[in-house]
Amino acid sequence: MNFDYTEEQTLLDNMVTSFVRDNYDWDTRCNIVKSEEGWKAENWKQFAELGLLGVPFDEAYGGLGGKSTDLMIVMEQFGKGLVVEPYLPTVILAGGLISKLGTEEQKNSIIPEIISGNIRCAFAYAEPQSRFDLNDVKTSAVLNGDDYVLNGFKSVVFGAGMASHLIISARTDGDQRSESGITLFIVDTKSEGLTLQNYPTIDEYRASEVIIENLKVSKDNVLGKVNMAYDAIEEIVDISTIAACSEAVGILQVLKDSTTEYCKNRKQFGQSIAKNQVIQHRLVDMMIEYEQAKSILYMAVTADLSSSDERKKVVSAAKARIGKAIKFVGESAIQLHGGMGVVDEYMVSHYFKRATMIGVLFGNTDYHMKRYMTLTQSGISSSDEAISVSVT
Amino acid sequence: MDIAFSNEDLKFQSEIRDFIKTNYPQELRDSINSKRKLGKELSREDLTAWHKILGKHNGWSAPSWPKQYGGAEFTPTQKYIFEQECAKAECQYIMPFGINMVGPVIYTFGNEEQKAQHLPGILSGEVFWCQGYSEPGSGSDLASLKTSAVKEGDYYIVNGQKTWTTMAQYADWIFCLVRTNPEAEKPQQGISFLLIDMKTPGVTIRPIKLMDGSHEVNETWFDNVKVPVENLIGQENMGWTYAKFLLAHERSGIAGVARSKKAIERIKQIASSEMSYGEPLIQDPAFKAKIAAAELELSALEYTELRTLAKDSAGKGPGPESSLLKIKGTDIQQAVTELAMEAVGYYANPHLGTTLSNEYVGPDYATNLSGTYFNFRKASIYGGSNEIQRNIIAKMVLGL
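Calculation rules
Residues numbered from 1 in each chain as written. Chains lettered and ligands numbered in written order. Predicted model: local features only at pLDDT ≥ 70, side-chain atom pairs only at ≥ 80, totals over all residues. Domains from an automatic or database assignment. Contact = placed C-beta atoms within 7 Å. Nonpolar A, V, L, I, M, F, W, Y, C, P; charged D, E, K, R; others polar. Helix = DSSP H or I, 4+ residues; strand = E, 2+ residues; numbered from the N terminus. Expected span 1.5 Å × (residues − 1). Buried ≥ 20, exposed ≤ 12 C-beta atoms within 10 Å, placed from the backbone. Axes fitted to C-alpha atoms, helices over the stretch in contact; angles between N-to-C directions. Parallel < 35°, antiparallel > 145°, perpendicular 65-115°, else oblique. Left-handed = near helix turned anticlockwise from the far one by under 90°.

1. Topic: the domain arrangement of chain B
All names here are of chain B.
- Here chain B is described as being made up of domain 1 (7-94), domain 2 (129-239) and domain 3 (254-396).
- Computed over C-alpha atoms only, the centres of domain 1 and domain 2 are separated by 30 Å.
- On the domain 2 side, the residues contacting the four residues of domain 1 number five residues.
- Broken down by class, the residue content of the side of domain 1 that touches domain 2 amounts to one nonpolar, one polar and two charged.

2. Comments concerning helix α8 (residues 257-273) of chain B
- In this model, α8(B) (17 residues) spans 25 Å end to end at C-alpha, consistent with the 24 Å of a helix rising 1.5 Å per residue.
- Burial of α8(B) is extensive: twelve of the 17 residues sit out of reach of the surface.
- Among the residues making up α8(B), those that are buried are V257(B), A258(B), S260(B), K261(B), A263(B), I264(B), I267(B), K268(B), I270(B), A271(B), S272(B) and S273(B).
- Against the buried residues of α8(B) lie α12 (365-377) of chain A together with α4 (76-88), β10 (279-280), α9 (285-312) and α10 (322-343) of chain B.

3. Structural notes on the interface of chain A and chain B
- At the interface, 39 residues of chain A touch 41 residues of chain B.
- Of all the elements in the fold, those that place two or more residues in the side of chain A that touches chain B are α7 (230-265), α8 (277-302), α9 (308-337) and α12 of chain A.
- Classifying every residue of the side of chain A that touches chain B gives 22 nonpolar, twelve polar and five charged.

4. Some points on the packing of helix α5 (residues 96-109) of chain B against helix α6 (residues 112-124) of chain B
Residues and elements named next belong to chain B.
- Where α5 contacts α6, the axes come no closer than 10 Å and their chain directions differ by 160°. With respect to α6, the axis of α5 lies roughly antiparallel. Once α5 is placed against α6, the crossing between them reads as left-handed. In contact with G98, I99, G103, I106 and Y107 of α5, α6 contributes Q114, K115, H118, L119 and I122.
- Among the residues making up the contact of α5 with α6, the classes are represented as five nonpolar, four polar and one charged.

5. Side note on the packing of α9(B) against α10(B)
All names here are of chain B.
- Contact geometry of α9 with α10 gives a least axis separation of 10 Å together with a crossing angle of 155°. Regarding the angle of α9 to α10, the classification is roughly antiparallel. At the point where α9 passes α10, the crossing takes the left-handed sense. On α10, the residues touching K290, I291, A294, E297, L298, L301, T304, E305 and T308 of α9 are S322, L324, L325, K328, G329, I332, A335, V336 and L339.
- Among the residues making up the contact of α9 with α10, the classes are represented as ten nonpolar, four polar and four charged.

6. A look at the domain arrangement of chain A
Residue and element names in this part refer to chain A.
- By domain assignment, chain A separates into domain 1 (7-119), domain 2 (122-227) and domain 3 (231-378).
- One C-alpha centre belongs to domain 1, the other to domain 2; they are set 23 Å apart.
- Across the contact, 15 residues belong to domain 1 and 15 residues belong to domain 2.
- If you tally residues by element for the side of domain 1 that touches domain 2, the top one is helix α5 (residues 87-101), at seven residues.
- Per-class residue counts for the side of domain 1 that touches domain 2 are eleven nonpolar, four polar and no charged.

Below you can see the structure in the form of structure tokens.
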């Protein structure tokens, strides 16, 4: 049993840490998020040069064959720097789907392009009515000759505006909420029939509403089997959820450390406010929440993710528990920073906002709590588990 | 990062499992269960029987002790497995006062005679220890303690009162913090660590009944008690250092992750039998959510403990981070005892095992669950209250 990084992982950690330190100081980041594009091509190029864009991909396609721990390392450091480039949408989410479902031809044509930094992708799955339910898909795809014709609407698609390709989930069969009958399509973002309405998010990332009107997609651009995409979507969203949790843990560390420092330095009534026990105990509770969040992330990362039952259980456990930590550490950080906490100019509010939006991403605390309960408790009332009641 | 058990660990696990299966006495299980149900006190034999069996087997009664002192010297993973297996099999826990507290102090700071005199009895479970730290006026502010020890020839003459002395009614020996230098500049500097035979004339105890009716703790008085100077651990007036060392050891044990896990499993079973709104309670959304919340907290704590264990294996003893384990571990224990009581509805009420009633009522699984809930309010108070633990983290970890 050990929680140490391997030599390669330590190198990766150092590499991402120095990237963030050297290229992502606060002023630079402010300029990036204020820019028209909302990300920096130069940084993306560096990701490619450093090999970061290839971390999770199979070596056969030029990737590094990394596992969940490697993605955790990257995302945790990105979290510390609030890196806004669309790594999660492109590499982990869309990249994950292509790796999982793509034909050899699709993989050979797309994955090396992602790894070299030439293209970015995004995954359009959520719809206005679906909330976090991945199975709730109204967007339709109807076969017409050799093409599918798609119609519908996708909401809050992260990174779509920076992407050359979108993966779209659409219903090819079944009811709106049926798990079977969902199919994935890879489309060029410039395609006719696709309209992107781009906007910044409250935490300074970029997302888009995607309007799909009579979008023609060739049969060749179906990703995976027709009607059968649901399991893969759930799996890759789970993997992406662990990545989001990793980013959150990096952010929580910054919030905890910077708040502790701030309280040491801030003087009121002639002394550092950290001399007050009421402040000390709040800081200790922030530390405890951070450590608990990190621990449950480790549980998810080291679990056997190849078993789908285990994967769903640990992912929802981690997301629900980390969601709770985000709220406590984030709100406490703002509170203890006092007036400095609520201004846009100071860093802490930006970390708080990003952490809070990660709380929503891929399902919030209640959503994952319910999923966890369904996975762990529904079967327990079967007669063999119940204790017989003996009243004397 | 790799938390998978190695083949050796798995072999170790089945070895422990088999050992418990073959060697944990059914009479002991029955004796403890029937007493628990009626809220009756466990006997000295109940408390030490399993300890004695483990003591005869490769030092398994002392998982952390070095081999040279007869301990098992388990690796962190082995310790974790051992605790898990004992908890799963609901083995009686080993009293911590000898094994986890005074034992490590003796082998770390004691002289050769003291090691030879005391370690074998602690290991075997033949000698029962208790702890003389708290005093009526010294709870969280332990260093303000007043029990005095004045050197006269070859003896210390001890006078004063200790309190919350757990299981003093069975104890052969007590380890005490006493004031040897009332003039010291700081209160911490005048304290010594003394071992006192409970049979020494002048030592008297009086039971303190807890709110569940149980007798776990006592008041202990010292009236001109003559303690040989050989019973001083380490140096005079250095007792605070040893006490702090001991407190860190004490805390690392009280997270109780494996036992809380078992307790949650029991609650799920109970809640599958109990009905609410015509359905098993386990299906009740509000109750279910509380169980799930406890499980998540416990999962996280389990990995926090594993991370601490992994760090310990790098050769460092438990540090101030163990305060975190104490705070969270006892939080969860309290949440779990509350859930268990809540699960049985009205049957939280009967108080069995008093002089007024000696009969069982209600479902088997319901007896004394409220007693346990009330009893466990102690957990966030003992071993340094959870507020004191936060002070420790604030100072030692966050540098405030």
